[in-house]
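# Commentary on secondary and tertiary structure
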Amino acid sequence: MIALLRRDLRLAVRAGGGFGLGVAFFLILCSLVPFGVGPDSGALQPIAPGILWLGALLACLLSLDRIFALDHEDGSLDLLATSPLPLEGAVAIKALAHWITTGLPLIVAAPLFGILLHLPAGAIPSLLVSLLVGTPALSMLGAFGAAVTVGLRRGGLLLSLLVLPLYIPTLIFGTEMIRRGQQGGDAATPLLFLAGITAGVLAVIPFAAAAALRVNLR
Amino acid sequence: MSIWEYANPVKFMRTSGAILPWIGAGAAVCTVTGLAWGFLTPDDYRQGSTVKIVFLHVPAAMMAINIWVMMLAASLIWLIRRHHVSALAAKAAAPIGAVMTLIGLITGAVWGQPMWGTWWEWDPRLTSFLILLLFYIGYIALWSAVEDPDSAADLTAVLCLVGSVFALLSRYAVLFWNQGLHQGASLSVQSGERMSAVYRYPLYLTMLGFGLLFLALMLVRTRTEIRRRRLAALQARELRA
């Protein structure tokens, strides 16, 4: 499992583009928003939590099809399926690799983008915690969507259609947590919901994703 | 005699063909009578004539949810017992459910404009219906995207299971996110009816009518799917010969 994780990470870093692309997309999104709604901090501040979470969501979505597509093309996915490692474990590791290469850089960069959108300094910790707790669920659900659409020719658009509705609960609780951090409210309740969703997703979705992969490899 | 006999397509075709005209006639009678009766009810003292939208809105909304539950049950039967009729019934039901959801949303908007002063409000009930529509669309799109019918049935069944959990989760997550404008249940088993009998009886009739309508449409579409499957099998046999 560790070998698979290291292989996936190495591929993501070396195979050009994949690694920093999510953060670059996030940066572009956050710098385009002020052009759309105006540079006024009074207009930006209330929507900053939503924009930050939407940016994380879309940046995560961009790289989802890479989770299985390349391995499916060159046949290494079949090898993984026949290896002694359970396919559920392989799915979880691949989702983890996706999270390390896209989720983690986003979290590191998020405070900077928060400043760009006039998010008050008091809300930065809740931004970090909400992303840290919420983004693993995004990667895992994305791995499920990628597993369902892996063999399809026009999978990309379908992937976003299937995955984005699944992101709604995470998005709701994530933005609510930042908003409460911004207004000095009690951020524990949305945090607990967010953590509950992530824990449930991490526990159950690998099985669904592995089942979908088995169907597609048949 | 058990329900599993109808997993046999021949048996299913024979029985469904025999009962389909009766269900269709029942659906037509109940829906038309219920809607006509509903249309002739007196105006509500506050809502005026807009109250009559309820005879379309409530049955459609009810069926939108029930059809998803039926698809969930059919998907589970397919995953566990591998009965093709079940998978095809789930496939046949999805577009009907999507249309029911759309009817619920549109009639709600038409009613909401004069009553709430807005076509759309991000109310938990409205929002969760929009999310349900997204799930229906994703499900239908996945069916049409996968070429191999058995893989498509498997993948959509898994999607239906995951989607059910998340549709339910979203339903309660949106409660957290925004407070409601939509009124609570007017008919419920626990608290009894909070609706005048003048409106209640035509509503029951249209609800029954929409249920039968769904059943009839679902049977027609499932029969079409079975015939399409047979046609494909015949063509494949011809190619091989």
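Residues numbered from 1 in each chain as written. Chains lettered and ligands numbered in written order. Predicted model: local features only at pLDDT ≥ 70, side-chain atom pairs only at ≥ 80, totals over all residues.

### Notes on the overall build of chain A
Broken down by element type, chain A carries ten helices and zero strands. Mapped in sequence order, the helices and strands of chain A form the string α-α-α-α-α-α-α-α-α-α. Based on the C-alpha atoms only, the size of chain A along its principal axes is roughly 55 × 35 × 30 Å. Residue burial in chain A is summarised as follows: out of 218 residues, 50% are buried. Here the contacts in chain A between residues at least 6 apart in sequence split such that 80% fall between residues at least 24 apart. (Helix = DSSP H or I, 4+ residues; strand = E, 2+ residues; numbered from the N terminus. Buried ≥ 20, exposed ≤ 12 C-beta atoms within 10 Å, placed from the backbone. Contact = placed C-beta atoms within 7 Å.)

### Digging into the interface of chain B and chain A
One widely used convention gives an interface's size as the accessible area the parts lose upon coming together. Between chain B and chain A, the residue contacts involve 23 residues of the former and 20 residues of the latter. Among the elements of the structure, helix H4 (124-145) and helix H5 (149-177) of chain B are those that each provide at least two residues to the side of chain B that touches chain A. If you tally residues by element for the side of chain B that touches chain A, the top one is H5 of chain B, at 14 residues. A class-by-class count of the residues in the side of chain B that touches chain A yields 19 nonpolar, three polar and one charged. (Nonpolar A, V, L, I, M, F, W, Y, C, P; charged D, E, K, R; others polar.)

### Some thoughts on the UniProt feature "transmembrane region" (unreviewed entry) in chain B
Here the UniProt feature "transmembrane region" (unreviewed entry) sits at residues 20-40, 60-80, 92-114, 126-146, 158-178 and 198-220 of chain B. As annotated, residues 198-220 of chain B comprises 100% helix and 0% strand, and the C-alpha atoms at either end are separated by 34 Å. (UniProt positions renumbered as here; feature names shortened; annotations may be inferred.)

### Structural notes on the UniProt feature "transmembrane region" (unreviewed entry) in chain A
All names here are of chain A. The sites that UniProt annotates as "transmembrane region" (unreviewed entry) are residues 12-37, 43-64, 96-117, 123-150, 157-178 and 190-213. Segment residues 43-64 splits into 91% helix and 0% strand. End C-alpha atoms: 32 Å apart. When the span residues 190-213 is considered, its composition is 100% helix and 0% strand, and the gap between its end C-alpha atoms is 33 Å.

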